[in-house]
Each structure stands twice: as structure tokens, then as C-alpha cells.
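Okay, here's what each chain looks like letter by letter:
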Amino acid sequence: CPHCREQKELFGKQATAKISVSECAPDGQNSQSTLCAQKGVQGYPSWEINGTLASGVKSLDQLADLSGYKGSRAF
């Protein structure tokens, strides 16, 4: 999806390679739509951070805030 592609571009190729991704679209490659439905995913991309779902493209700073990241923000 265009939003997921946008999110991956924010991370860059090296970081994207380290992210665990679950495909939620029923017609997507290796779809895990049942798991996504169980989790309550309603939009893409969605992030599950510390047991809480957050949907939509997020800046790196927003993801750092959601995850409690305390390291350098020189992204």
C-alpha cells in the first residue's frame, strides 16, 4: 500500500530489513489477515508497541515517543 511504502522510506533500506512485518491485506503476500483481525488492526500501516495499536504513517520521532525510546534522536 502507498502508506506502508511511505513508512518504509522513512526508515530506509537498512532499518526496514530489520523490522518484523505482518501482512494484513487478505490478498497480500503471506497474508496474516486473521491475526490482524484478532489484534483489531483497522488501518495501514499499524504499529503494535507495548501492547497498544497505533495506525497511520508515523515519523521516527513519533515512533520513538510511542516506544519510550531514550537514545539519540539524530535520525
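Residues numbered from 1 in each chain as written. Predicted model: local features only at pLDDT ≥ 70, side-chain atom pairs only at ≥ 80, totals over all residues. Heavy atoms only, no water.

Draft legend 1. Molecular detail of the pattern of salt bridges. Taken as a whole and judged by the stated rule, the model has three salt bridges. The partner of Arg73 in a salt bridge is Asp61, with the nearest N and O atoms 3.4 Å apart. In this pair, Arg73 is assigned in the segment after helix H4 (60–67) and Asp61 in helix H4, connecting sequence segments twelve residues apart. Of the charged contacts in the structure, one is a salt bridge between Arg73 and Asp65, with a shortest N-O distance of 2.9 Å. Accessibility expressed as a relative area gives 53% for Asp65, which makes it exposed. (Salt bridge = Lys/Arg side-chain N within 4 Å of Asp/Glu carboxyl O. Helix = DSSP H or I, 4+ residues; strand = E, 2+ residues; numbered from the N terminus. Buried < 20%, exposed > 50% of the residue type's maximum accessible area, 1.4 Å probe, protein only.)

Draft legend 2. Structural view of the state of the cysteines. Applying the stated criterion across every chain yields a total of one disulfide. One disulfide bridge connects Cys24 with Cys36, the sulfur atoms lying 1.9 Å from each other. Taking the torsion about the sulfur-sulfur bond, which here is approximately -75°, the covalent link between Cys24 and Cys36 counts as left-handed. Separated by twelve residues along the polypeptide, Cys24 in the loop between helix H2 (13–16) and helix H3 (33–39) and Cys36 in helix H3 bring together distant segments of the chain. On the basis of relative accessible area, Cys36 is assigned to the buried category, the value being 5%. (Disulfide = S-S within 2.5 Å.)

Draft legend 3. View of the packing of aromatic side chains. For the structure on display, the rule yields two aromatic pairs. Summarising the aromatic geometry, the rings of Phe11 and Trp47 are spaced 5.7 Å apart at their centres and angled 45° between planes, so their arrangement reads as tilted. Residue Phe11 is located in helix H1 (residues 2–11), and its partner Trp47 is located in strand E1 (residues 46–49); the two are separated by 36 residues in the primary sequence. Residue classification places Trp47 among the buried positions, given a relative accessible area of 17%. Between Tyr69 and Phe75 the ring centres are 6.2 Å apart and the planes differ by 40°, which places this aromatic pair in the tilted class. Given a relative accessible area of 39%, Tyr69 falls into the partly exposed group. (Phe/Tyr/Trp six-rings, centres within 6.5 Å; stacked < 30°, edge-to-face > 60°.)

This is a description of form; function is not addressed.
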